[in-house]
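What follows is each chain in one-letter form.
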Amino acid sequence: MQATVNENCISCGLCVESCPTVFSMGGDGLAHGGEIPDNQVSAAQGARDSCPVSAISIEE
């Protein structure tokens, strides 16, 4: 599974706090997603669901 962050990101950092294994803040000041390990799927989905601007998508 893969998490992506779109251009709606407002750099709030909630996803990084919720799931730092998958999400990180980039040099551009925006959040970036990545590969989701099997043991982090629930945390990544929680980060997606708590994003205030719905900028996160998760794909298989």
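Residues numbered from 1 in each chain as written. Predicted model: local features only at pLDDT ≥ 70, side-chain atom pairs only at ≥ 80, totals over all residues. Heavy atoms only, no water.

K.L.:
It is not clear to me how the pattern of salt bridges should be interpreted in this structure. Could you clarify?
P.N.:
Side-chain pairing between opposite charges can occur once the charged atoms of the two side chains come close. Scanning the entire structure with this criterion turns up 1 salt bridge. With its nearest N and O atoms 3.0 Å apart, the salt bridge here joins Asp49 to Arg48. Relative accessible area serves as the criterion here: at 56%, Asp49 is assigned to the exposed category. (Salt bridge = Lys/Arg side-chain N within 4 Å of Asp/Glu carboxyl O. Buried < 20%, exposed > 50% of the residue type's maximum accessible area, 1.4 Å probe, protein only.)

K.L.:
So what exactly am I meant to see when it comes to empty space enclosed by the protein here?
P.N.:
If a probe as big as a water molecule is rolled over the atoms, it shows which places are left empty. Within this structure, the stated rule accounts for 1 cavity of 30 Å³ or more. In this structure, the largest cavity spans a volume of roughly 90 Å³. Every residue lining the largest cavity is counted, 16 residues in all, and those nearest its centre are Cys9, Cys12, Cys15, Ala31 and Cys51. (1 Å grid on protein atoms, 1.4 Å probe; cavity = no way out; pocket = protein on both sides within 12 Å on 5 of 7 lines; lining within 4 Å. Points joined across faces, edges and corners; volume = space filled by probe spheres on them.)

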